[in-house]
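Breakdown of the fold
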Amino acid sequence: EDPSLERHFRGHRDAVTSVDFSPNKKQLASGSMDSCLMIWSMRPQMRAYRFVGHKDAVMCVQFSPSGHLVASGSRDKTVRLWIPSVKGESTVFKAHTGTVRSVHFSSDGQSLVTASDDKTVKVWTVHRQKFLFSLSQHINWVRCARFSPDGRLIVSASDDKTVKLWDKTSRECIHSFCEHGGFVNHVDFHPSGTCIAAAGTDNTVKVWDVRMNRLLQHYQGNAVVNSLSFHPSGNYLVTASNDSTLKILDLLEGRLLYTLHGHQGPATCVAFSRTGDFFASGGSDEQVMVWKTNFDAADYGDVLKTQKSGTSVDVTHRSLQSEMNCGVHLKKTKPQDSGNHEQQEEEISLANTLEHIMGQLDVLTQTVSILEQRLTLTEDKLKECLENQQKIIQNKTS
């Protein structure tokens, strides 16, 4: 079955720049040149929230792994962390000296990496919103930066036509991929962490192995590619292009599977949901679209189940090893005895509880940050009042 358009969200007043699903798939966040962040409900007839705070275009949005926070970066040079609820409260920090093009949470939700027109990539702690360090070897705007799934590497893409791979601990650039003929708009890690895909203004998508630093696949399109997203199974890649199309690439076969038409004008951003059964796209036509994946459903359902159950994930396709060498061969798991199964269920429920606690912690720290900011404001106001009173008293006595 082919991918199909599921929902259509209209509400932005300018080009959509970024889309991301919440981990539970109940919400979708989008950023736009209209300076707003929108949170859409995936349930029919539920209202959307418009969050206002940025003073200029919102360039990027992302949900935290727990889903309790949303980060956004803007042309106003700040990053905001929002609690995606009715109040839409946020804390703000001055992140860069240029437009912030990209925000990305590490998979443990503890760190945030940002990329900017000031040519740097910066890493922050989420809870204290504290600056940790800068990576600065790019010689032009940095469009995108992402943590690897295990959090040990960072990849960045720039208008200097390079993709750079960094070691987070040593903060060294360990490799530069220079094969792009144009600016590099977007880059991301394969779910296995063994390779990366980059999209460019030279109309290409390139997939590199980050262990051997060699080019694995090269897709030549006929329009600038603005954004891409890996399917959680690691077998597919969806791209958004200036010719208004979305394309689904089959990485196992190394070929184009589908070309989807929906946007009027450039398709600017695209993202798969965390389970891969949906993907969302945004365009300069101010629209956000949600698509049902449909293709190969049985296939990747199994893949994800095997991954979730905590068994060794190493399998599904003869040609992946040979062609992609991407380290995603899942072994088919044998049915286990029920004792083991109960233990697994306990482990999963424990993991879920822990995840919930982590999420609550996110909200707590964020609320504390908001309160701290308000306190500071109140203190400043108080100080101002006191100073004014002093002046009045001085004036009277003189």
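Residues numbered from 1 in each chain as written. Predicted model: local features only at pLDDT ≥ 70, side-chain atom pairs only at ≥ 80, totals over all residues. Heavy atoms only, no water.

1. Observations concerning the overall build of the protein chain
Along the backbone of the protein chain there are three helices and 28 strands. Burial status across the protein chain gives 54% buried among its 398 residues. In the protein chain, once contacts between residues fewer than 6 apart in sequence are set aside, the share between residues at least 24 apart is 46%. Carbon and sulfur atoms provide 52% of the accessible area of the protein chain, an area that totals close to 18,300 Å². (Helix = DSSP H or I, 4+ residues; strand = E, 2+ residues; numbered from the N terminus. Buried < 20%, exposed > 50% of the residue type's maximum accessible area, 1.4 Å probe, protein only. Contact = heavy atoms within 4.5 Å. Areas by Shrake-Rupley, 256 points an atom, 1.4 Å probe, with all protein chains shown as cover.)

2. So, the nonpolar core
Counting residues in each nonpolar core, the largest one holds 17 residues, and the members touching the most others are V79, F93, F105 and L112. Examining the composition of this core, we find that three residues originate from one element, strand β10 (residues 100-105), more than from any other. (Core = buried A, V, L, I, M, F, W, Y, C linked by side-chain atoms within 4.5 Å.)

3. Some thoughts on the sheet that holds strand β1 (residues 4-10)
With antiparallel pairing, the four strands of this open sheet are ordered in space as β1-β28-β27-β26. In this open sheet, the two edge strands, each paired with only one partner strand, are β1 and β26 (267-272). The average undirected angle you get between the axes of adjacent strands in this sheet is 20°. The pairing of β26 with strand β27 (residues 278-283) spans five bridges and is antiparallel. Note on β27: the bridge partner recorded for V270 is S281. (Pairing = 2+ DSSP bridges. Axes fitted to C-alpha atoms, helices over the stretch in contact; angles between N-to-C directions.)

4. With respect to the layout of surface pockets
Taken as a whole, the second largest pocket encloses approximately 210 Å³ of empty space. Here the lining of the second largest pocket gets three residues from one element, more than from any other, and that element is helix α3 (residues 338-397). Its residues placed into classes, the lining of the second largest pocket shows two nonpolar, eight polar and one charged. (1 Å grid on protein atoms, 1.4 Å probe; cavity = no way out; pocket = protein on both sides within 12 Å on 5 of 7 lines; lining within 4 Å. Points joined across faces, edges and corners; volume = space filled by probe spheres on them. Nonpolar A, V, L, I, M, F, W, Y, C, P; charged D, E, K, R; others polar.)

5. Structural notes on the UniProt feature "repeat: WD" (unreviewed entry) in the protein chain
The positions that UniProt labels "repeat: WD" (unreviewed entry) are, in the present scheme, residues 9-50, 51-82, 93-134, 135-176, 177-218, 225-259 and 260-292. From the first C-alpha to the last, residues 51-82 spans 9 Å; its make-up is 0% helix and 56% strand. Across residues 225-259 one finds 0% helix and 66% strand; the C-alpha atoms that close the span lie 13 Å apart. (UniProt positions renumbered as here; feature names shortened; annotations may be inferred.)

6. Focus on the sheet that holds strand β9 (residues 90-94)
Ordered by their spatial adjacency, four strands build an open sheet running β6-β7-β8-β9, and the pairing between neighbours is antiparallel. Of all the strands in the sheet, the pair left with one neighbour each is β6 (58-63) and β9. On average, adjacent strands in this sheet sit at an angle of 20° to one another, irrespective of strand direction. Here β6 pairs with strand β7 (residues 70-74) via five bridges, running antiparallel.

7. Structural notes on the packing of aromatic side chains
The geometry of an aromatic ring pair comes down to the distance between the two centres and the angle between the two planes. A complete count under the given rule lists eight aromatic pairs for this structure. Between F9 and W40 the ring centres are 4.9 Å apart and the planes differ by 20°, which places this aromatic pair in the stacked class. In this pair, F9 is assigned in strand β1 and W40 in strand β4 (residues 36-41), connecting sequence segments 31 residues apart. Classification of F9 by relative accessible area gives buried; the value is 7%. On the basis of an interplanar angle of 25° and a centroid distance of 4.7 Å, the ring pair of F177 and W208 is categorised as stacked. Separated by 31 residues along the polypeptide, F177 in strand β17 (residues 173-177) and W208 in strand β20 (residues 204-209) bring together distant segments of the chain. Residue classification places W208 among the buried positions, given a relative accessible area of 0%. In this structure an aromatic cluster arises from ring pairing among Y49, F51 and W82. (Phe/Tyr/Trp six-rings, centres within 6.5 Å; stacked < 30°, edge-to-face > 60°.)

8. Here we look at the environment of G234
With respect to the secondary-structure elements, G234 resides in the loop between β22 (225-230) and β23 (236-241). Here G234 falls in the buried class, since its relative accessible area comes to 0%. Here G234 is in contact with H190, P191 and L251, once residues within four sequence places are set aside.

9. Structural notes on a negative patch on the surface
The grouping of E342, E345, E346 and E347 at the surface amounts to a negative patch. Tracing the chain through its elements places E342 in helix α3. (Patch = residues over 30% accessible without salt bridge, like charges linked within 9 Å, V, L, I, M, F, W, Y side chains within 5 Å. Salt bridge = Lys/Arg side-chain N within 4 Å of Asp/Glu carboxyl O. Lys, Arg positive; Asp, Glu negative; His and termini not counted. Charge placed at Lys NZ, Arg CZ, Asp CG, Glu CD.)

10. Section: the confidence of the model for the protein chain
When pLDDT is averaged along the protein chain, the result is 85; 88% of the residues meet or exceed 70. For the stretch residues 300-338, pLDDT sits under 50, and the model shows 83 contacts to residues farther than four places along the chain or on other chains. (pLDDT = per-residue confidence, 0-100.)

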